[in-house]
Amino acid sequence: MNYIVRSYILKNIFPALIAGLATGAFNFYFIQSERIAFFAGMAMGILIFISLFAYSTFIHKKLVRNVPIYLDVLINTFVIIITILFWAFLLLLILNAKSWSDILPYLKLFFNSQGVAIGVTYGIIVSFLFNLFISVQEIIGSRTMAALFLGIYSQPREEKRIFMFLDIKSSTTLAEQLGNKQFLNMLNDFFFFASEGISQTKGSIYKYVGDEIIVSWPVKKGVKNANALRCFFMIDEAINRKKSYFLKKYGTAPDFKAAMHAGKVVAGEIGFKKKEITFLGDVLNTTARIEGVCNEFNKRFLVSYELKKLLNPTDLFVFQEVDEINLRGKQTTTKIFTVSLSGTYNKNN
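Our focus in this paragraph is a negative patch on the surface. Residues Glu296, Glu321, Asp323 and Glu324 make up a contiguous surface patch of negative charge. Following the sequence through the fold, Glu296 ends up in the loop between helix 12 (282-292) and strand 6 (301-304). When its relative accessible area of 57% is taken as the criterion, Glu296 is described as exposed.

Here we come to the nonpolar core. One finds Ile162, Met164, Leu166, Leu229, Ile235, Met260 and Phe301 to be the most contacted residues of the largest nonpolar core, which totals 43 residues. With 9 residues, the single largest contributor to this core is helix 8 (residues 180-200).

Attention shifts here to helix 8. In this model helix 8 runs 31 Å from its N-terminal to its C-terminal C-alpha over 21 residues, within 8% of the 30 Å that 1.5 Å per residue would give. Phi for Lys202, located one or two positions after helix 8, is positive at around 70°.

Contact pair helix 8 / helix 11 (residues 243-250): the axes reach a minimum separation of 12 Å and the direction vectors enclose 165°. Considering the angle they form, helix 8 stands roughly antiparallel to helix 11. The hand of the helix 8/helix 11 crossing is right-handed. Seen from helix 8, the contacting residues are Gln182, Asn185, Met186, Asp189, Phe190 and Phe193; seen from helix 11, they are Tyr245, Phe246, Lys249 and Tyr250. Among the residues making up the contact of helix 8 with helix 11, the classes are represented as 6 nonpolar, 2 polar and 2 charged.

In this section: the packing of helix 7 (residues 171-178) against helix 8. Interaxial distance between helix 7 and helix 8 falls to 6 Å at its minimum, and their mutual angle equals 125°. Taken together, the axis directions place helix 7 and helix 8 in an arrangement best described as oblique. In this structure, helix 7 meets helix 8 at a crossing whose hand is right-handed. Taking contact as the criterion, the partners of Ser171, Leu174, Ala175 and Leu178 in helix 7 are, on helix 8, Asn180, Gln182, Phe183 and Met186. Here the contact of helix 7 with helix 8 is composed, by residue class, of 5 nonpolar, 3 polar and no charged.

Of all residues in the protein chain, 78% attain a pLDDT of 70 or more, and the chain-wide mean is 81. The secondary-structure element of the protein chain with the lowest mean pLDDT is helix 6 (residues 142-150), recorded at 62, while strand 6 shows the highest, at 96. Counting interchain partners and residues more than four positions distant, the pLDDT-below-50 stretch residues 1-5 has 12 contacts.

Time to look at the side chain of Thr278. Counting through the fold element by element, Thr278 comes out in strand 5 (residues 276-280). A distance of 3.2 Å separates the side chain of Thr278 from the side chain of Tyr206, its partner in a polar contact. Residues contacting Thr278, with those up to four places away along its chain left out, are Tyr206, Val266, Ala267, Gly268 and Ile270.

Cut-off values and rules
Residues numbered from 1 in each chain as written. Predicted model: local features only at pLDDT ≥ 70, side-chain atom pairs only at ≥ 80, totals over all residues. Heavy atoms only, no water. Patch = residues over 30% accessible without salt bridge, like charges linked within 9 Å, V, L, I, M, F, W, Y side chains within 5 Å. Areas by Shrake-Rupley, 256 points an atom, 1.4 Å probe, with all protein chains shown as cover. Salt bridge = Lys/Arg side-chain N within 4 Å of Asp/Glu carboxyl O. Lys, Arg positive; Asp, Glu negative; His and termini not counted. Charge placed at Lys NZ, Arg CZ, Asp CG, Glu CD. Helix = DSSP H or I, 4+ residues; strand = E, 2+ residues; numbered from the N terminus. Buried < 20%, exposed > 50% of the residue type's maximum accessible area, 1.4 Å probe, protein only. Core = buried A, V, L, I, M, F, W, Y, C linked by side-chain atoms within 4.5 Å. Expected span 1.5 Å × (residues − 1). Axes fitted to C-alpha atoms, helices over the stretch in contact; angles between N-to-C directions. Parallel < 35°, antiparallel > 145°, perpendicular 65-115°, else oblique. Left-handed = near helix turned anticlockwise from the far one by under 90°. Contact = heavy atoms within 4.5 Å. Nonpolar A, V, L, I, M, F, W, Y, C, P; charged D, E, K, R; others polar. pLDDT = per-residue confidence, 0-100. Polar contact = N/O pair within 3.5 Å; in protein donor to acceptor, adjacent residues only side chain to side chain.

Encoded structure:
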């Protein structure tokens, strides 16, 4: 089992148990006050959670990418109610049916019982909470939402983080060729296909700045399994895989460049009516400076020496020194390196 699958499982064991306990309690107090009802409800809750998690992870984004929020809510509500009714009926069969011939009688009994009305009501409640969670998460990001909710950055704190600045090459020319509306559509497609690599490597989207995306990792997460470096190559693979899609839809396929650097920042909440988490420090300016020289050296991906020395020795990547550049507004310099994949690289490492 690779670490991505393992991390998905570990991250969702606790929420699945909470969903199971809540559904078990609901079953016990509102349907049947017996121990078997509680455990059957708990099993159903866990199965519902797993099903909805799989839906939100693998299907939801593709299904509702370009639909209005109200239609997204209706689709999610339908999916949730069907999921709840499916698992409720299946558990009813498992607990009571003795043969396949019992299915139709139990189906009639199930849909004529108050359990369906209760299940639909429960589904609407779950749907409201699910849609609220998904909507807020997509607006501000899951990690930002958790940090704001827990107050992690209510007081400024110093952190050591890795940043990646990634933007589309020749964006001005593309915007002129496609027109602003089509260029914005292409940006949305590009960011959509890039998001999976960011998510799988534990990155957080800090900001979108025009055609640029800024991704960040706490150093510990970014260094583990070379997550930060793998992110670039996973995005590269995803965009290459969709090259024919871009060519068919826009008549061109976007190329991009990126820079990566690590250092200390001060992190904290900013804003009142609209809050967000901001990072302040020279590391951001330096990353921007490194990205700015990608074209100068004709390179697509440059990283700093400060990042390179944080990584554990690995045979997955090949580093080659490019130059030593001056940092804007400073007397200091930093070495920069290109990074390429070795023959032993595998995206699931």
